[in-house]
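Next come the chains, spelled out residue by residue.
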Amino acid sequence: MKKPTNWDLYVRKQLGVPEMRGLIDKEIQSLRVGMEIAKMRQKKRLSQAQLAARAGMSAPNISRIENSPAQNITLETLVKIARALGRGVEVTFPARRSG
């Protein structure tokens, strides 16, 4: 097993700080939404421009949503994209992890 780098040690330490952990979890969740949209779009063999046209949006907006983890997305936008992909939107409130 390789020795942890200074970066590895720093990240582990930061993950122990509740505020930092919350920010990291938020970024990861945002990234997941964009990745899921990209996967569904590719599965339907649509370009970003084609999805944008179906959703009544611009292609650069679709690109930003798929690629920018910090992108704020409204529920209305998610619904437009989901409908354009023949899908629905489901909102859940999972229990928070303690620690």
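Keep in mind that this is a model prediction, so the values were computed, not measured. (Residues numbered from 1 in each chain as written. Predicted model: local features only at pLDDT ≥ 70, side-chain atom pairs only at ≥ 80, totals over all residues. Heavy atoms only, no water.)

1. Examining the overall build of the protein
Then comes step 1: The helix and strand inventory of the protein stands at five helices and zero strands.
Then comes step 2: Ordering the α and β elements of the protein from the N terminus gives α-α-α-α-α.
Then comes step 3: Out of the 99 residues belonging to the protein, those deemed buried represent 18%.
Then comes step 4: Sequence separation of 24 or more characterises 47% of the internal contacts of the protein that already satisfy a separation of 6 or more.
Then comes step 5: For the protein, the exposed area adds up to about 7,900 Å²; of that, 55% sits on carbon and sulfur atoms. (Helix = DSSP H or I, 4+ residues; strand = E, 2+ residues; numbered from the N terminus. Buried < 20%, exposed > 50% of the residue type's maximum accessible area, 1.4 Å probe, protein only. Contact = heavy atoms within 4.5 Å. Areas by Shrake-Rupley, 256 points an atom, 1.4 Å probe, with all protein chains shown as cover.)

2. A short note on the packing of helix α3 (residues 48-55) against helix α5 (residues 75-84)
Then comes step 1: Between α3 and α5, the least distance of the axes is 8 Å, while the angle of their chain directions is 110°. With respect to α5, the element α3 is oriented roughly perpendicular. Between α3 and α5 lies a crossing whose hand is right-handed. Listed contacts from α5 to Leu51, Arg54 and Ala55 of α3 are Lys80, Ile81 and Ala84.
Then comes step 2: Taken together, the residues of the contact of α3 with α5 sort by class into four nonpolar, no polar and two charged. (Axes fitted to C-alpha atoms, helices over the stretch in contact; angles between N-to-C directions. Parallel < 35°, antiparallel > 145°, perpendicular 65-115°, else oblique. Left-handed = near helix turned anticlockwise from the far one by under 90°. Nonpolar A, V, L, I, M, F, W, Y, C, P; charged D, E, K, R; others polar.)

3. Quick word on a nonpolar patch on the surface
Then comes step 1: Taken together, the side chains of Leu75, Val89, Val91 and Phe93 make up a nonpolar region of the molecular surface, amounting to roughly 450 Å² of accessible area.
Then comes step 2: Residue position: Phe93 is located in the segment after α5.
Then comes step 3: Judged by its relative accessible area of 79%, Phe93 falls in the exposed class. (Patch = residues over 30% accessible without salt bridge, like charges linked within 9 Å, V, L, I, M, F, W, Y side chains within 5 Å. Salt bridge = Lys/Arg side-chain N within 4 Å of Asp/Glu carboxyl O.)

4. A short note on the pattern of salt bridges
Then comes step 1: Applying the stated criterion across every chain yields a total of two salt bridges.
Then comes step 2: Ionic pairing is found between Lys39 and Glu36, a salt bridge with its closest N-O pair at 3.0 Å. You can see Lys39 and its partner Glu36 sitting in helix α2 (residues 18-43), three residues apart, about one turn around the helix.
Then comes step 3: Taking relative accessible area as the criterion, Glu36 reaches 38% and is therefore assigned partly exposed.
Then comes step 4: Close ionic contact of Glu66 with Arg41 constitutes a salt bridge, the shortest N to O distance being 2.7 Å. Of this pair, Glu66 sits in helix α4 (residues 59-67) while Arg41 sits in helix α2, and the two are 25 residues apart along the sequence.

5. Side note on a positive patch on the surface
Then comes step 1: On the surface, a cluster of positive charge is made up of Lys43, Lys44, Arg54 and Arg87.
Then comes step 2: Relative to the elements of secondary structure, Lys44 occurs in the loop between α2 and α3.
Then comes step 3: Looking at Lys44, the relative accessible area reads 46%, which means it is partly exposed. (Lys, Arg positive; Asp, Glu negative; His and termini not counted. Charge placed at Lys NZ, Arg CZ, Asp CG, Glu CD.)

So, to be careful, I would describe these as geometric facts and stop short of saying anything about function.
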